[in-house]
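Working through the structure, step by step
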Amino acid sequence: MVSLKDISEVCGVSVATVSKALNGHNDIGAQTKERIRQTAKEMGYFPNSAAKALKTNRTYNIGVLFEIGDHSGLTHDYFACVLDSLKSAAEEEGYDITFINGCRARPNRMSYLEHCRYRGFDGVVMVCVNFYDPEVLELVRSDIPIVTIDHLFNNVCAVMSDNVKGIHDLVQYVYNKGHRKIAYIHGMDSSVTQKRLASFYKTTADLGIDIPDEYVRGAAYRDTQGAYVETNKLLDLKNPPTCILYPDDFACYGGMNAINMRGMCVPDDVSVVGYDGIRITRHLEPKLTTLKQDTKQLGMYAAKKVISLIENPKVTLIDQTVVPGQIFEGNSVAEIG
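Figured I'd write up the structure that's included with this text. Counting from 1, residues in each chain are numbered in the order their sequence is written. A pLDDT threshold of at least 70 governs which residues receive local features in this predicted model, and a stricter bar of 80 or more applies before side-chain atom pairs are shown or counted, although totals over entire chains, interfaces and linings include all residues. Note that water and hydrogens are dropped before the side-chain values are worked out from all heavy atoms of the structure.

To continue, consider the overall build of the chain. For the purposes of this entry, the term helix denotes a DSSP run of H or I that reaches at least four residues, the term strand denotes a run of E that reaches at least two, and both are numbered from the N terminus. In terms of helices and strands, the chain carries twelve helices and twelve strands. Over its C-alpha atoms, taken along the principal directions, the chain stretches across nearly 90 × 40 × 35 Å. Exposure categories follow from relative accessible area, calculated using a 1.4 Å probe and restricted to protein chains: below 20% of the type maximum is buried, above 50% is exposed, and the middle band is partly exposed. Out of the 337 residues belonging to the chain, those deemed buried represent 47%. Taking all contacts inside the chain whose residues are at least 6 apart in sequence as the whole, residues at least 24 apart take part in 68%. All accessible-area figures derive from a Shrake-Rupley calculation using a 1.4 Å probe, and residue coverage is judged against the displayed protein chains alone. For the chain, the exposed surface amounts to about 17,200 Å²; the carbon and sulfur share of it is 51%. By the convention used here, residues are in contact when the closest approach between their heavy atoms is within 4.5 Å.

Structure follows, in structure tokens:
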């Protein structure tokens, strides 16, 4: 391994001069600085990360807490896109990301906080997790800079998709298409679900639409079987809906299967609407009308916010960044008279 001493001997300067040149100090001449840097590059010198961490009190490593209940992990279309953006934005600022180990089955496992301390993470982004888990709350209460995505804690920075406006826009869209019998299969209980459900009720009330209790049902996110079952229950009603909103695009395809199994068609017999805007919705027929979330902005804002908390803790505001989505207009919603 090439050391600063090796470089100093080749360049004929002191170790201190080499260190200053490689760290960009201004008290070294430009030509000398460039010669030292070029020599270091040719010799294959890389700074030792452990030594750098001791000197700067930073590891330039951000922990990512990502635990999905359905165990879909990085195959989850929506979160995979958010994480890709988070990774790219962090790397542009010189940071790496590392997933926080949450394997509960592993003997003598560390808690989330213990793992963060052990790895020396400069900050943590919580992308998806059980936010009510005692270990998560312990981590939130620590002195480690934290940013959450789509969940609010007191005195913690959050990056939020605009779920309220998203549902409002979808309901307004199907209303403008002539639909008044609108059902909603929402996801299981979470802050995201609560916001979307409240927005659904408020928007329909503002539009003068009466929503029967049996029109609002629950199924887990990305649960095609659950959506299939709940869709059949809606279609069995004496007065079934003309349009069904689903918790996400993936679940929506389970609902479409239920409709097709009855010999019915989307959108001629029943209209459907998804949420998220995953890529596959644009390549299958009928193309799904959905609310496309801006995963690129969500990941980018989360990375920039946690890095700001790390590097400028005294001047970084603890606030919420709200990222709007937009409707992707497919052909899964019929226009009715």
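Once the structure has been displayed, the description carries forward.
Next up on the list: the side chain of His 151. Note on placement: His 151 falls in the loop between strand E4 (146-149) and strand E5 (157-161). On the basis of relative accessible area, His 151 is assigned to the buried category, the value being 5%. N or O atoms within 3.5 Å of each other form a polar contact, as long as, within protein, one can give a hydrogen and the other can take it, and as long as residues adjacent in sequence are counted only when both atoms are side-chain atoms. Here Ser 191 takes part through its side chain, which lies 3.3 Å from a polar atom of the side chain of His 151. Look past the residues within four positions of His 151 in its chain and what remains in contact with it is Phe 131, Tyr 132, Ala 158, Met 160 and Ser 191.

All of the buried residues along helix H6 (residues 112-119) are Tyr 112, Leu 113, His 115 and Cys 116. One side of H6 holds all its buried residues, which, seen down the axis, span an arc of 160 degrees. On its buried face, H6 sits against strand E1 (61-66), strand E2 (96-99), strand E3 (123-128) and helix H7 (134-140). One or two steps after H6, the chain reaches Gly 120, where phi turns positive at roughly 70 degrees. Each C-beta atom gives one direction from the helix axis, and the arc is the one those directions make.

Only the six-membered ring of Trp is used, alongside the rings of Phe and Tyr, when aromatic pairs are assigned; centres must lie within 6.5 Å, and planes under 30 degrees apart are stacked while those over 60 apart are edge-to-face, with the rest tilted. The tally for this structure, following the rule as stated, stands at seven aromatic pairs. Relative to Phe 79, the ring of Tyr 78 has its centre 4.9 Å away and its plane inclined at 65 degrees; by these criteria the two rings are edge-to-face. Comparing Tyr 78 with Phe 79, the two get one shared label, buried. Taking 5.0 Å as the distance between ring centres and 40 degrees as the angle between the ring planes, the aromatic pair formed by Tyr 184 and Phe 200 counts as tilted. Remark: Phe 200 occurs in helix H9 (residues 191-206) and Tyr 184 occurs in strand E6 (residues 182-186); sequence separation between them is 16 residues. Its relative accessible area of 1% is what places Tyr 184 among the buried residues. Note on Phe 200: relative accessible area 0%, which makes it buried. Members of the aromatic cluster, each reached through a chain of ring pairs, are Phe 66, Tyr 78, Phe 79 and Phe 99.

With that settled, the discussion passes to the packing of helix H8 (residues 163-176) against H9. Two elements in contact, H8 and H9, have axes whose closest approach is 8 Å; the angle formed by their N-to-C orientations is 40 degrees. The pairing of H8 with H9 is recorded here as oblique in orientation. In the packing of H8 onto H9, the handedness of the crossing is right-handed. Contacts from Asn 163, Val 164, Ile 167, His 168 and Val 171 of H8 reach H9 at Val 192, Lys 195, Arg 196, Ser 199, Phe 200, Thr 203 and Thr 204. Residues were grouped as follows: Ala, Val, Leu, Ile, Met, Phe, Trp, Tyr, Cys and Pro as nonpolar; Asp, Glu, Lys and Arg as charged; and all remaining residues, including Gly, as polar. Looking at the contact of H8 with H9, its residues break down into five nonpolar, five polar and two charged. Throughout, an axis means a line fitted to C-alpha atoms (over the contacting stretch in the case of helices), and angles, computed between N-to-C directions, take values from 0 to 180 degrees. Under this scheme an angle from 65 to 115 degrees is roughly perpendicular, one under 35 degrees roughly parallel, and one over 145 degrees roughly antiparallel; angles in between are oblique. Handedness of a helix crossing follows the sense of rotation of the near helix relative to the far helix, less than a right angle counterclockwise being left-handed and clockwise being right-handed.

Any functional reading would require information beyond the geometric quantities listed.
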